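Overview (structure and organization)
Now for the letters of each chain:
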Amino acid sequence: MGAEKVAFYILSALTLGGGIAILFSVKLMRAVVYLLVSLFGVAGLYVLLNADFLAALQVLIYIGGITVLLVFGLMLTGPGQ
């Protein structure tokens, strides 16, 4: 089994595991962290496909922007809202 195949299985498990953990997460902040893990797995899969530009966009836009925006939105809303 080659190194690329092992990396693919690890990144696929990371992506799917993060997605399943989002579904069964009770706390919203943990769901955002699991989303971050899942998006990192997708970026790694893009790197395996030699799509470096898409991997960079995934990290910059989704991980850097959307996830941080969700975290700020959670922090700014109170626990009773």
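This section reports on the structure supplied with the text.

What counts, and at which threshold
Residues numbered from 1 in each chain as written. Predicted model: local features only at pLDDT ≥ 70, side-chain atom pairs only at ≥ 80, totals over all residues. Heavy atoms only, no water. Helix = DSSP H or I, 4+ residues; strand = E, 2+ residues; numbered from the N terminus. Expected span 1.5 Å × (residues − 1). Buried < 20%, exposed > 50% of the residue type's maximum accessible area, 1.4 Å probe, protein only. Contact = heavy atoms within 4.5 Å. Phe/Tyr/Trp six-rings, centres within 6.5 Å; stacked < 30°, edge-to-face > 60°.

Given a rise of 1.5 Å per residue, 21 residues ought to cover 30 Å, and the 31 Å separating the end C-alpha atoms of helix H2 (residues 28–48) matches this to within 8%. Buried within H2 are the following residues: Ala-31, Val-32, Ser-38, Leu-39, Gly-41, Ala-43 and Gly-44. Along its buried surface, H2 packs onto helix H1 (3–24) and helix H3 (52–76).

As for its placement among the helices and strands, Ser-38 is situated in helix H2. Not counting chain neighbours up to four residues away, the residues in contact with Ser-38 comprise Leu-14, Thr-15, Gly-18 and Gly-19.

On to unusual backbone geometry. Of note in this structure, Asn-50 is not a glycine but carries a positive phi near 60 degrees. Turning to its location among the elements, Asn-50 is positioned in the loop between H2 and H3. Among the residues examined, Asn-50 registers a relative accessible area of 69% and is labelled exposed.

A few words now on the packing of aromatic side chains. Counted according to the given criterion, the structure contains one aromatic pair. Look at Phe-8 and Tyr-9: their rings are 5.8 Å apart centre to centre, the planes differ by 55 degrees, and that puts the pair in the tilted class. The exposure class of Phe-8 is partly exposed, given its relative accessible area of 41%. What makes Tyr-9 partly exposed here is its relative accessible area of 46%.

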